[in-house]
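Chain and residue survey
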Amino acid sequence: MEKILFIGHESDLNGASKSLLNIISSLEGKKQVYVLTSFDNGPFYEELKKHKVKILVYPYYRWLVQRHCSRFSLKSELIWLKPRVRWRLQGSRINEVTADAIAEFVKKEKISVIHSNTSVVNIGAILKQRLGSAVKHIWHIREFGDLDFDMHPLIDRQAFFKFMNDYTDTFICISKKIAQHYSLLLEDKKVVVYNGIDQSNYFSDHEEHIGVNFLISGRISETKGQKEAVQACNEILKAGYRDFKLYVAGEGELYFQVPEECKEHVVLLGLIKDMPSIRKKMDVELVCSKAEAFGRVTAEAMMGGMPVIGSNTGGTPELIIDGKTGFLYEYGDINDLAQKMLCFLKEPLKIKEMGSEAQKYALEHFTIERCVGEIEALYSSI
């Protein structure tokens, strides 16, 4: 049985880790799966324990981190210098030591494929550097980095991409836009594989209710656009429509004030673990993100028979067929977003019509079976 070592990067259960768990579930029984993580607790670790995998816990650090400063200044450069020095003196050295230990384990277990689940850790490439042709290294690129999370390399940019190219056999990009964004990665090593969504997100029994329920889901942050969604609600109220609600699902505190006139139309749900149960009560999903690399919530909503209104940025336009499975709007244009929301308020029959088309499209393009099938084909090809 072929042996695969996956490399994780976080303790929480965000999109990248959920996608990894979906892949692991589909490979169980077909491959011997190992997972390397630097966390021995947290939601991701607890979920891993439910699977038939061998978990390895070793310390290693990210080589891609948030900069927290968008404008150049002497002060910002001095602040940015600190994590880079820490990386040089501590982080990179610990990663090297861990790679030495894991390399011996990989040789002993005769693991044939190392699969890095994110661009933010480089331990998989270091292992490839150690082991050479004895293993194949697949690097899953699941984030823009700079555009979505303000993350930047702790080393020189050219050296960053050279190391990735030198010690990777195949880069899996989760959207065409991601493949374009990583222009310094070798083109002949890049392949696009859309994320897969499991069948728990599929249903057709939406609950009946009065009015239109909009949903925006994801962690509360400026890059996810919750403020933009609330501002659009305010424009809808100005247009004289009141028979709607906006439900906000996600962990974190609001970074803005909800206008007084909107408060009875905006419902804060907090962190929701069972999103399908919430979506059964919803009509339309909003994806107002600055730059989704793929847009897992978009695919999940479509799988659940919901049309999606998404910003025309990142990978979102690759998922939504404008006017058929939902609508695209100009990112940052509150009026445009409000007008797209009003389409469903004025013609509620479009909800079911577009939702049905969205579900068909999701079943054709975004199933976990399709995703894992393409990944297994990659394993075989390399």
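The following paragraphs examine the structure supplied in this document. (Residues numbered from 1 in each chain as written. Predicted model: local features only at pLDDT ≥ 70, side-chain atom pairs only at ≥ 80, totals over all residues. Heavy atoms only, no water.)

Details of helix α4 (residues 123–131)
When you tally the buried positions in α4, you get 7 out of 9 residues, the bulk of the element. Taken residue by residue, α4 has Ile 123, Gly 124, Ala 125, Ile 126, Leu 127, Lys 128 and Leu 131 as its buried positions. Considering only its buried residues, α4 is in contact with β1 (3–7), β2 (32–37), α3 (74–109), β5 (113–116), β6 (136–141) and α6 (157–166). Of the residues trailing α4, Gly 132 is marked for its positive phi of about 60 degrees. (Buried < 20%, exposed > 50% of the residue type's maximum accessible area, 1.4 Å probe, protein only. Helix = DSSP H or I, 4+ residues; strand = E, 2+ residues; numbered from the N terminus. Contact = heavy atoms within 4.5 Å.)

Details of the side chain of Ser 311
Along the chain, Ser 311 turns up in strand β14 (residues 308–311). With a relative accessible area of 1%, Ser 311 lands in the buried category. A polar contact of 2.8 Å, which involves the side chain of Ser 311, links it to the backbone oxygen of Ser 289. Apart from residues lying up to four places away in sequence, Ser 311 is in contact with Val 287, Cys 288, Ser 289, Thr 316, Pro 317, Leu 328, Tyr 329 and Tyr 331. (Polar contact = N/O pair within 3.5 Å; in protein donor to acceptor, adjacent residues only side chain to side chain.)

So, the sheet that holds strand β13 (residues 284–287)
Read across the open sheet, the 6 strands follow the order β12-β11-β10-β13-β14-β15; overall the sheet is parallel. The two strands at the open ends of the sheet, each matched to only one other strand, are β12 (266–270) and β15 (326–329). Neighbouring strand axes in the sheet, compared pairwise and without regard to direction, differ in orientation by 20 degrees on average. As paired elements, strand β10 (residues 212–217) and β13 share 3 bridges and run parallel to each other. Paired with Leu 215 across the two strands is Glu 285, which belongs to β13. (Pairing = 2+ DSSP bridges. Axes fitted to C-alpha atoms, helices over the stretch in contact; angles between N-to-C directions.)

Things to note about the packing of aromatic side chains
If you walk through the whole model with that rule in mind, you get 14 aromatic pairs. A centroid spacing of 6.1 Å and a plane angle of 85 degrees characterise the contact between Tyr 194 and Phe 366, whose relative ring orientation is edge-to-face. In this pair, Tyr 194 sits in the loop between β9 (190–192) and β10 while Phe 366 sits in the loop between α13 (349–365) and α14 (368–381), placing the two residues 172 residues apart along the sequence. Here Tyr 194 and Phe 366 have matching classes, each one buried. A centroid spacing of 4.9 Å and a plane angle of 70 degrees characterise the contact between Tyr 255 and Phe 256, whose relative ring orientation is edge-to-face. For Tyr 255, a relative accessible area of 30% corresponds to the partly exposed category. We note Lys 280 situated over the ring of Phe 203; from NZ or CZ to the ring centre the distance is 5.6 Å. (Phe/Tyr/Trp six-rings, centres within 6.5 Å; stacked < 30°, edge-to-face > 60°. Lys NZ or Arg CZ within 6 Å of the ring centre and 35° of its normal.)

Details of the side chain of Lys 128
Within the secondary structure, Lys 128 is located in helix α4. Note on Lys 128: relative accessible area 11%, which makes it buried. In this structure the side chain of Lys 128 is engaged in a polar contact, spanning 3.3 Å, whose partner is the side chain of Asp 169. Leave out the neighbours within four places in its chain, and Lys 128 touches Ser 133, Val 135, Lys 136, His 137, Tyr 167 and Asp 169.

Brief notes about the state of the cysteines
Under the defined criterion, the tally for this structure stands at 0 disulfides. Here Cys 233 is not disulfide-linked; the sulfur of Cys 262 is the nearest cysteine sulfur, at 6.0 Å. (Disulfide = S-S within 2.5 Å.)

A few points about the pattern of salt bridges
Tallied over the full model, the rule gives 24 salt bridges. A salt bridge links Lys 49 to Glu 46; the shortest N-O distance between them is 3.3 Å. For Lys 49, a relative accessible area of 47% translates into the label partly exposed. Since its relative accessible area comes to 38%, Glu 46 is described here as partly exposed. When the shortest N-O distance is used, the salt bridge between Glu 77 and Arg 67 registers 2.2 Å. One end of the pair, Glu 77, is in helix α3; the other, Arg 67, is in the loop between β4 (64–66) and α3, and 10 residues separate them in sequence. Here Arg 67 falls in the partly exposed class, since its relative accessible area comes to 22%. Each of Arg 279, Glu 285, Arg 296 and Glu 300 takes part in salt bridges that share partners, so that together they form one network. (Salt bridge = Lys/Arg side-chain N within 4 Å of Asp/Glu carboxyl O.)

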